[in-house]
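Structural overview for review
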Amino acid sequence: MTASDISPDRPLRHEVSILQPNIRSEAEPLTIEISVTNSTEELFVYNERREVLGYCLESDDFILLLKDERPYEYNANRGFWQASVPISIDAEIQTAGLSPDETHKQSLVLVARQIEDLPSKVPEKLESDVTVTVSAPQKVQRTDVLMGLYATKQD
């Protein structure tokens, strides 16, 4: 999804920056920064905060985690980073609010989930679509495919 694919009527604007692009780097995992900005003149409250900011999005046994929040390590045998402990995500819905022109952002790392059978290779692509409910005074708006995150492996 590119900026031209997004309707100008959407109240939240996403931006993704790649901070460290090499999934096989021994120095640090592939790292991105996701930001979301309220582009309206009203306070917006949105659910689910983790999904809107990319946290815990999964694809092919790989997951995006907050940088330095949970332990992860480089697996030299597999050539990618993995979680050091099993990852569990609570089911509690997290909300967040954005004032007009306010931006929330966070850095995320892509690591393999610690599972019994680790993936044998890195994913060819990372795909995740997010549907979120955004509310403002006097209205609730369902926003479908608010963010589509699609990354493809480059050799």
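As a reminder, the structure under discussion sits directly above these lines.
Please read all numbers here as calculations on a predicted model, not as lab measurements.

A separate point is the overall build of the chain. Summing up its helical and strand segments, the chain has one helix and eleven strands in all. For the chain, contacts bridging at least 24 residues in sequence account for 70% of all contacts bridging at least 6. Surface accessibility of the chain: about 8800 Å² in total, with carbon and sulfur atoms responsible for 45%.

Counting 24 residues, the largest nonpolar core has Leu65, Leu108 and Val111 as the members making the most contacts within it. If you list the elements that add at least two residues to this core, you get strand 2 (31–38), strand 5 (62–66), strand 7 (80–83) and strand 9 (103–112). When sequence neighbours within four positions are dropped, the list of residues in contact with Leu65 reads Tyr55, Arg70, Ile87, Ser107, Leu108, Val109 and Val111.

With that out of the way, let us pick up the pairing of strand 5. Strand 5 sits mainly inside the fold: five of its five residues count as buried. Taking every second residue as pointing to the same face, both faces of strand 5 are buried, with Phe62, Leu64 and Leu66 on one and Ile63 and Leu65 on the other. In this structure, strand 4 (residues 58–59) lies alongside strand 5, joined through two bridges in antiparallel fashion. Bridge assignment links Glu58 to a residue of strand 5, and that residue is Ile63.

Structurally, Arg113 is set in the loop between strand 9 and strand 10 (125–136). The class of Arg113 is buried, set by a relative accessible area of 15%. Setting aside residues up to four positions removed in sequence, Arg113 forms contacts with Glu58, Asp61, Phe62, Ile63, Ile87 and Leu118.

A few words on the environment of Glu92. The residue Glu92 is located in the loop between strand 7 and strand 8 (95–98) in this model. Placed 44 residues apart in sequence, Glu92 and Glu48 show a C-alpha to C-alpha distance of 9.2 Å.

About the cut-offs
Residues numbered from 1 in each chain as written. Predicted model: local features only at pLDDT ≥ 70, side-chain atom pairs only at ≥ 80, totals over all residues. Heavy atoms only, no water. Helix = DSSP H or I, 4+ residues; strand = E, 2+ residues; numbered from the N terminus. Contact = heavy atoms within 4.5 Å. Areas by Shrake-Rupley, 256 points an atom, 1.4 Å probe, with all protein chains shown as cover. Core = buried A, V, L, I, M, F, W, Y, C linked by side-chain atoms within 4.5 Å. Buried < 20%, exposed > 50% of the residue type's maximum accessible area, 1.4 Å probe, protein only. Pairing = 2+ DSSP bridges.

Keep in mind these values describe shape, not function.
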